[in-house]
Amino acid sequence: MQVAVVTFDGFNELDSFIASALINRCRKRGLEAFITTPTPVVTSMNGVEVAGQRPMEFVTEAEVVLIGSGIKTRDVVADDQLISRLPLDPARQLIGSQCSGALVLARLGLLGDMPACTDMISRPYVEACGVTVLDTPFHAEGNIATAGGCLASQYLAAWVLDRTLGEDAVRDVIGYVAPVGENDETVERALHAVRQPVQAL
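Asks: Break down the overall build of the chain for me, with residues and values.
Replies: Broken down by element type, the chain carries 8 helices and 9 strands. Radius of gyration (C-alpha) of the chain: 15 Å, near the 17 Å computed for a compact globule of 201 residues. Put simply, 66% of the contacts in the chain that link residues at least 6 apart link residues at least 24 apart.

Asks: So what's going on with the packing of helix α6 (residues 153-164) against helix α7 (residues 167-177)? Residues and values would help.
Replies: It is the contact of α6 with α7, at a shortest axis distance of 7 Å, that shows an interaxial angle of 145°. Read as a crossing pair, α6 and α7 show a hand that is right-handed. Counting all contacts with α6, which are made through Gln154, Ala158, Leu161 and Asp162, the residues of α7 involved are Glu167, Ala169, Val170, Val173 and Ile174. Here the residues of the contact of α6 with α7 are counted per class, giving 6 nonpolar, 1 polar and 2 charged.

Asks: Explain the pairing of strand β8 (residues 138-141) residue by residue, including any values.
Replies: Relative to strand β9 (residues 144-147), β8 runs antiparallel, the two sharing 4 bridges. Within the sheet, the bridge partner assigned to Phe138 lies in β9 and is Ala147. Between the antiparallel neighbours β8 and β9 lie 2 residues, among them Gly142 with a positive phi of about 60°.

Asks: Describe in detail the packing of aromatic side chains, supporting the description with residues and values.
Replies: Tallied over the entire structure, the rule returns 3 aromatic pairs. When the centroid spacing of 5.6 Å and the interplanar angle of 75° are considered together, the rings of Phe11 and Phe17 count as edge-to-face. Judged by its relative accessible area of 0%, Phe11 falls in the buried class. Pairing Phe138 with Trp159 gives two aromatic rings, centres 6.3 Å apart and planes at 55°, and the pair type is tilted. In this pair, Phe138 is assigned in strand β8 and Trp159 in helix α6, connecting sequence segments 21 residues apart. Comparing Phe138 with Trp159 shows no difference in burial state: the two are buried.

Asks: Could you give an account of the side chain of Asp162, naming the residues involved and the relevant values?
Replies: Relative to the assigned elements, Asp162 resides in helix α6. Polar side-chain contacts of Asp162 include one of 2.8 Å to the side chain of Arg195.

Asks: Explain the sheet that holds β9 residue by residue, including any values.
Replies: Taken in spatial order, the 7 strands of this open sheet run β5-β2-β1-β6-β7-β9-β8, and their pairing is mixed. With one partner strand each, in any of the chains shown, β5 (54-55) and β8 form the two edges of the open sheet. The pairing of strand β1 (residues 2-6) with strand β6 (residues 64-67) spans 4 bridges and is parallel. What sits directly across from Val3, in β6, is Val64. Where α6 meets the sheet, its contacts fall on β1, β6, β7 (94-98), β8 and β9, and the angle it forms with β7 comes to roughly 170°.

Asks: Provide a residue-level description of the packing of α6 against helix α8 (residues 183-194), including the pertinent values.
Replies: At a minimum axis separation of 9 Å, α6 and α8 run at an interaxial angle of 75°. In terms of their interaxial angle, α6 and α8 are classed as roughly perpendicular. On the side of α6, the interface is formed by Gln154, Tyr155, Ala158, Trp159 and Asp162, while α8 contributes Thr186, Arg189, Ala190, Ala193 and Val194. A per-class count over the contact of α6 with α8 returns 6 nonpolar, 2 polar and 2 charged.

Asks: Mind laying out the nonpolar core, listing which residues take part and the relevant values?
Replies: Core analysis: the largest hydrophobic core is formed by 33 residues, its most contacted members being Val3, Ile23, Leu66, Phe138, Trp159 and Val160. With 7 residues, α6 is the largest single contributor of residues to this core. Every residue in contact with Val3, bar those within four places of it in the chain, is listed here: Ile23, Leu31, Glu32, Ala33, Phe34, Phe58, Ala62, Val64, Leu66 and Val160. Core analysis: the next-biggest nonpolar cluster, separate from the first, contains 29 residues, Met56, Val76, Ile83 and Leu111 among them.

Asks: Report on α6, specifying residues and quantitative values.
Replies: Along its 12 residues, α6 runs 17 Å from first to last C-alpha, staying within 8% of the 16 Å computed at 1.5 Å per residue. The buried fraction of α6 is high, at 9 of 12 residues. For α6, every residue scored as buried is listed here: Ser153, Tyr155, Leu156, Ala157, Ala158, Trp159, Val160, Leu161 and Asp162. The first or second residue beyond α6 is Gly166, which carries a positive phi of 105°.

Criteria and thresholds
- Each chain has its residues counted from 1, following the order in which its sequence is written.
- Given that this is a predicted model, residues contribute local features only at a pLDDT of at least 70 and side-chain atom pairs are listed and counted only at 80 or more, while totals for whole chains, interfaces and linings are drawn from all residues.
- Side-chain calculation: all heavy atoms of the structure are included, whereas hydrogens and water are not.
- Secondary structure elements follow DSSP: runs of H or I of four or more residues count as helices, runs of E of two or more count as strands, with numbering from the N terminus.
- Only the C-alpha atoms count toward the radius of gyration. The rule for a globule is 2.2 Å times the residue count to the power 0.38.
- Throughout, a contact is declared for two residues whenever any of their heavy atoms are within 4.5 Å.
- Simply put, an axis is a line fit to the C-alpha atoms, just over the touching stretch for a helix, and the angle between two N-to-C directions goes from 0 to 180 degrees.
- In this scheme, a crossing is called left-handed if the near helix is turned counterclockwise away from the far one by less than a right angle; it is called right-handed if the turn is clockwise.
- Gly is put with the polar residues, along with every residue not named as nonpolar or charged; the nonpolar set is Ala, Val, Leu, Ile, Met, Phe, Trp, Tyr, Cys and Pro, and the charged set is Asp, Glu, Lys and Arg.
- Note: two strands are recorded as paired if DSSP finds a minimum of 2 bridges between them.
- Put simply, two rings from Phe, Tyr or Trp (the six-membered ring, in Trp's case) pair if the centres are within 6.5 Å, and we call them stacked under 30 degrees between planes, edge-to-face over 60, tilted for the rest.
- Here the term buried applies to any residue with accessible area under 20% of the maximum for its type, exposed to any over 50%, and partly exposed to those in between, with areas from a 1.4 Å probe on protein chains only.
- Polar contacts here mean pairs of N or O atoms no more than 3.5 Å apart (in protein, one a potential hydrogen donor and the other a potential acceptor; neighbouring residues in sequence count only if both atoms are side-chain atoms).
- Reported orientations rely on four angle classes, namely roughly parallel under 35 degrees, roughly antiparallel over 145, roughly perpendicular from 65 to 115, and oblique for the rest.
- Among the buried residues, those of types Ala, Val, Leu, Ile, Met, Phe, Trp, Tyr and Cys that are joined through side-chain atoms within 4.5 Å form a nonpolar core.
- The length a helix should cover is 1.5 Å for every residue beyond the first.

If you want it as structure tokens, here you go:
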């Protein structure tokens, strides 16, 4: 199973790298994440240049697509040509967004009436798209998930692991990377976040 971590110019390193690094701890179990970019090289919000591992067209092959966040997401959603390179299909793919990536899901029409999570700066722009924003770090309905706050990327990764490989994978990966002495509580918090029932609005 392949995961496309869609990473645009101006990306937030925490959002793309935490999710991809956690997922890639399951390569031997057949799950692998790739930094997927619209251009051969993208530059982060802090000036870190990264060569994409896969081109944008890879999103059509991937079983999972995660849309990363960044300081140029509003430019992304305003670019019809760039958006057209994201023909996502929630009927056959798990699709998630991190922080301002919710704007991309809204622009693609994937959220519908579903509420979403995003970061504080992106919130008014997501709400302007007619989306209800939750005061929670993670929310999923069916094959679509959104996460809000940079460190919520661990929940997005945990959701992917849980949906593709099961709870044992979540416990193994999150338990290993958790702060020493906080392993069990970190695992339980992640599982609680990704398995919460749909909230009443």
